[in-house]
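# Summary of the model geometry
Listed here are the chains, written in short residue letters.
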Amino acid sequence: MKVLFKKLNLKNRLRTISLTLLLVNLCFSYNAQVFDLTTGQGSLGSTDPVWTAKISGSVYLPTYIIFPVSADLDEGTSALFGVENECGRWISKIQPNSSHYLEWSYSTASPTSLTYTYMRHFTINECLFDPVAHLNLDFLAATSSVMEVKVNGVVVYSAAYGTVTGFTPTSLIVDANVHYGLNSVQVVVKGNCCYSALIVCGEITVDSIDEGTPSNLGCCDPAAGEILSWTTVPGAVGYEVVVLSNDPVCYKGTEIPLPYETTYTTTENIFLMPPSTDSHAWKVRAIYPSGCYSEFSEQQCGCAAEIGCSPPVDRNCLMDNGVCLLNWSDMSGATEYEVEISYNDDACCEGEGNPTSEIFTVNTNSMSIPDIEDCFSWRIRSVCGEGNFSAWTSFECGCYVKEGKALEVEPKLFIEPNPSNDIVTIRLDDLEVTTEQKAELIIVDMSGVTVYKSDIGINEPIDVDVNSMVPGLYICRIVSEGATVVSKRLIVE
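Residues numbered from 1 in each chain as written. Predicted model: local features only at pLDDT ≥ 70, side-chain atom pairs only at ≥ 80, totals over all residues. Heavy atoms only, no water.

Looking only at helices and strands, one finds one helix and 39 strands in the chain. Sorting the 493 residues of the chain into buried and exposed places 45% on the buried side. Of the roughly 24,000 Å² that the chain leaves accessible, carbon and sulfur atoms contribute 50%. (Helix = DSSP H or I, 4+ residues; strand = E, 2+ residues; numbered from the N terminus. Buried < 20%, exposed > 50% of the residue type's maximum accessible area, 1.4 Å probe, protein only. Areas by Shrake-Rupley, 256 points an atom, 1.4 Å probe, with all protein chains shown as cover.)

So, in C-alpha cells, the structure goes:
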C-alpha cells in the first residue's frame, strides 16, 4: 500500500498577548490562569484527558487520539487526511482501529451532513475579578471543516465552509468574556458524512483588569504619629499593611540594622502606625469578602525616610543646678531640632494639672529648661532642611519637679536586668523624703495604662515579675507626694 500525505512545515509559534493600560489605578492582576488547549496529549489510541466531543443531538463522550487516514480502495492507496503538526495530535469521537488509525472512504452524502462539537472545560478561581479569556490558538485544523469557535456558547470566531480544513489550518487570537467557576471552549466542525477529527495547538490565558490594588499612597506625620493612607478600593472589606522596618532602600544611616517585617490589618483606607524611630518602607493590598487579596501596591518609604534624615536617638534628661538639661545624639543630615515639651502629660504625671504643650527649635543637640515648675514629657524630631522633618520620637518622661522646684539632687532609679522577660530588680537611690513620706513605683505601658504599682523604699530593692507583661516598652515612674520625681524605660522581651 502506497501512503501519500502532505506535510506542512508550520512552526509552532507561541504568541504572547500583551496589553498596556495607561489608566490611573488599573493594572493587570498577576493571578492569571493558563489552560493548555493542545489536543492529543497522551499516547495514540488512548482517550484525550481534557477534550470531549458529540454529534448533534447526542451527548459528549471522550475523544480518542488518532492518526486519520482516508483510503481509495480502487487505487489501493491511502493518504493522511490532514497536515502533520509539531505540537498536538489529532482527536476524534470515533474509536480508532488497532493500529490507532481512523480510516474512512469518501461518501456520496452531503459534505455538511453532520455537525461535530468538540469541547474542553476550564475552571477559573474566585480571585480573578471580571476575568477575560485570551485565546491564542497557534494551530487549528479539522479533517472536515471548522465552522465556529465558541466560549461558553458564544461565537468568538466563524468561517465559511471549507476555509479551515485538514489541509488549510489557521491560527486564532481572540478575547472572550468568561466567569468565575466552570467555563468551556467549543470547536464546531461540519463533517464529511460520518467521520471527523480535530487538531488544536495553543492555550487560553485568563486574567483580569484588577481595579482592586490600592493606589495614591500617602504618608503624613502629625503629632499623633505617622499616618499612612491610600485610595479606597471598591468591594474591599479590609486592607493588609506590611511595614518593613530598617528597609535598606529607605534607611539613611551608615550601618543598617537587621530589617524585619510587621503586618497589620485595618478596615479603613487609613492607618496610624505605632510610634517608631525606624526608617521603614510599606505597602498595602486590599482584602475581599471571598478571602482573596489584590496585588500589593508599589512599596514606598515612610515619611521620615523620604526626606533623608532620621529621628534623634540616645535621649537623656539630667538635672544640673536646678536646670533640666535635655540632650540627644547629633543626627546626620539634621540642620536643627524641634523639641516638644508636654506639661502635665497624663502618661507621666499622675494627678497633675491640665496638659499643655510647647515646641522649641534649637540648632544643637541639647536644650536646657530653667525654672521648670511642672511635670512634663518630651519628644524631638530632626529638621532636615528645605522644610522637611524626620518622624517624631515617642514621648519620654522628663526631669520632674517636687513641690514646684527642681530637685537639686537627681534621684537614681536602677533596673536590672533591662531588657528582661522574667524578674527585674528595681532600686531607688538619693530620693529626698522623710520617714513619714512614701514613694510609689508605677509601671505604665506606652498608652499610659498602669500595669504595676507598689510602694518602694530608698535603697530597698524590690523584685518585679514581668513575665506576664506583653513584650514592649514600659515606663517605670517613682511618684512622691503626687509628683513623678524620676522615671526610666523598661524593655520587656
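We are not done yet, so read on.
Here we take up the sheet that holds strand 21 (residues 280-287). One open sheet holds the four strands; their spatial order is 19-18-21-22, and the pairing between them is antiparallel. Edge strands, defined here as strands with exactly one partner in the open sheet, are strand 19 (260-266) and strand 22 (300-301). Pairing geometry for strand 18 (residues 238-245) and strand 19, over seven bridges, is antiparallel. Across the sheet, the residue bridging to Y239 is T266, located in strand 19. (Pairing = 2+ DSSP bridges.)

So, about the pattern of salt bridges. Taken as a whole and judged by the stated rule, the model has four salt bridges. We note a salt bridge from K150 to E148, for which the minimum N-O separation is 3.7 Å. Relative accessible area serves as the criterion here: at 22%, K150 is assigned to the partly exposed category. Residues E240 and R285 are paired through a salt bridge, measuring 2.9 Å at the closest nitrogen-oxygen approach. Here E240 is found in strand 18, whereas its partner R285 is found in strand 21, with 45 residues between them in sequence. When sorted by exposure, E240 lands in the same class as R285, which is buried. (Salt bridge = Lys/Arg side-chain N within 4 Å of Asp/Glu carboxyl O.)

With that out of the way, let us pick up the nonpolar core. Grouped together as the largest cluster of nonpolar side chains are 33 residues, with contacts concentrated most on L135, V185, L198 and V206. Contributing elements (two or more residues each) for this core: strand 4 (47-55), strand 9 (114-124), strand 10 (131-142), strand 11 (145-151), strand 13 (170-177), strand 14 (181-191) and strand 15 (198-210). When residues of this core are assigned to their parent elements, the largest contribution, five residues, is made by strand 10. Ignoring anything within four residues of it in the chain, the contact list for L198 reads T39, R89, W90, I91, Y118, L140, A141, A142, V146, V187 and V189. (Core = buried A, V, L, I, M, F, W, Y, C linked by side-chain atoms within 4.5 Å. Contact = heavy atoms within 4.5 Å.)

Attention now goes to unusual backbone geometry. Here E416 and P417 are connected by a cis peptide whose omega angle stands at -15 degrees. For N216, which is not glycine, the phi dihedral falls at a positive 50 degrees. On the secondary structure map, N216 appears in the loop between strand 15 and strand 16 (218-220). Despite not being glycine, N459 shows a phi value in the positive range, around 55 degrees.

Looking now at the pairing of strand 18. Of all eight residues making up strand 18, eight are buried, and the element is well covered by its neighbours. Burial along strand 18 is two-sided: G238, E240, V242 and L244 and Y239, V241, V243 and S245, pointing in opposite directions, are all buried. Pairing geometry for strand 18 and strand 21, over eight bridges, is antiparallel. Each residue of the ladder has a partner; that of S245, found in strand 21, is H280.

Another aspect to go through is the sheet that holds strand 33 (residues 412-416). Spatial strand order, 33-34-37: three strands in an open sheet with antiparallel pairing. Both outer strands of the open sheet, strand 33 and strand 37 (462-465), are each paired with one neighbouring strand and no more. Averaged over all pairs of adjacent strands, the angle between their axes in this sheet comes to 25 degrees, without regard to strand direction. (Axes fitted to C-alpha atoms, helices over the stretch in contact; angles between N-to-C directions.)

Turning next to the packing of aromatic side chains. This model, assessed by the stated rule, comprises six aromatic pairs. With a centroid separation of 5.1 Å and 45 degrees between ring planes, the pair formed by F35 and F122 is classed as tilted. Residue F35 is found in strand 3 (residues 33-36), and its partner F122 is found in strand 9; the two are separated by 87 residues along the sequence. Among the residues examined, F122 registers a relative accessible area of 2% and is labelled buried. Lying over the aromatic face of F296, K283 brings its terminal NZ or CZ to 4.5 Å of the ring centre. Between the NZ or CZ atom of R285 and the centre of the ring of Y293, over which it lies, the distance is 3.8 Å. (Phe/Tyr/Trp six-rings, centres within 6.5 Å; stacked < 30°, edge-to-face > 60°. Lys NZ or Arg CZ within 6 Å of the ring centre and 35° of its normal.)

Moving on, we come to the confidence of the model for the chain. Summing up the model confidence of the chain, the mean pLDDT is 76 and the portion of residues at 70 or higher is 71%. Within the chain, the lowest mean pLDDT, 27, falls on strand 1 (residues 2-4), and the highest, 95, falls on strand 12 (residues 154-158). Predicted confidence is poor over residues 73-78, with pLDDT under 50, and the contacts of this stretch with residues over four places away or in other chains come to 14 contacts. (pLDDT = per-residue confidence, 0-100.)

Along strand 11, five of the seven residues are buried, which leaves the element largely enclosed by surrounding structure. Pairing geometry for strand 11 and strand 12, over four bridges, is antiparallel. Bridging from a neighbouring strand, E148 pairs with S158 of strand 12. Between strand 11 and strand 12, which pair antiparallel one after the other, the connecting turn spans two residues, and N152 there sits at a positive phi close to 55 degrees.

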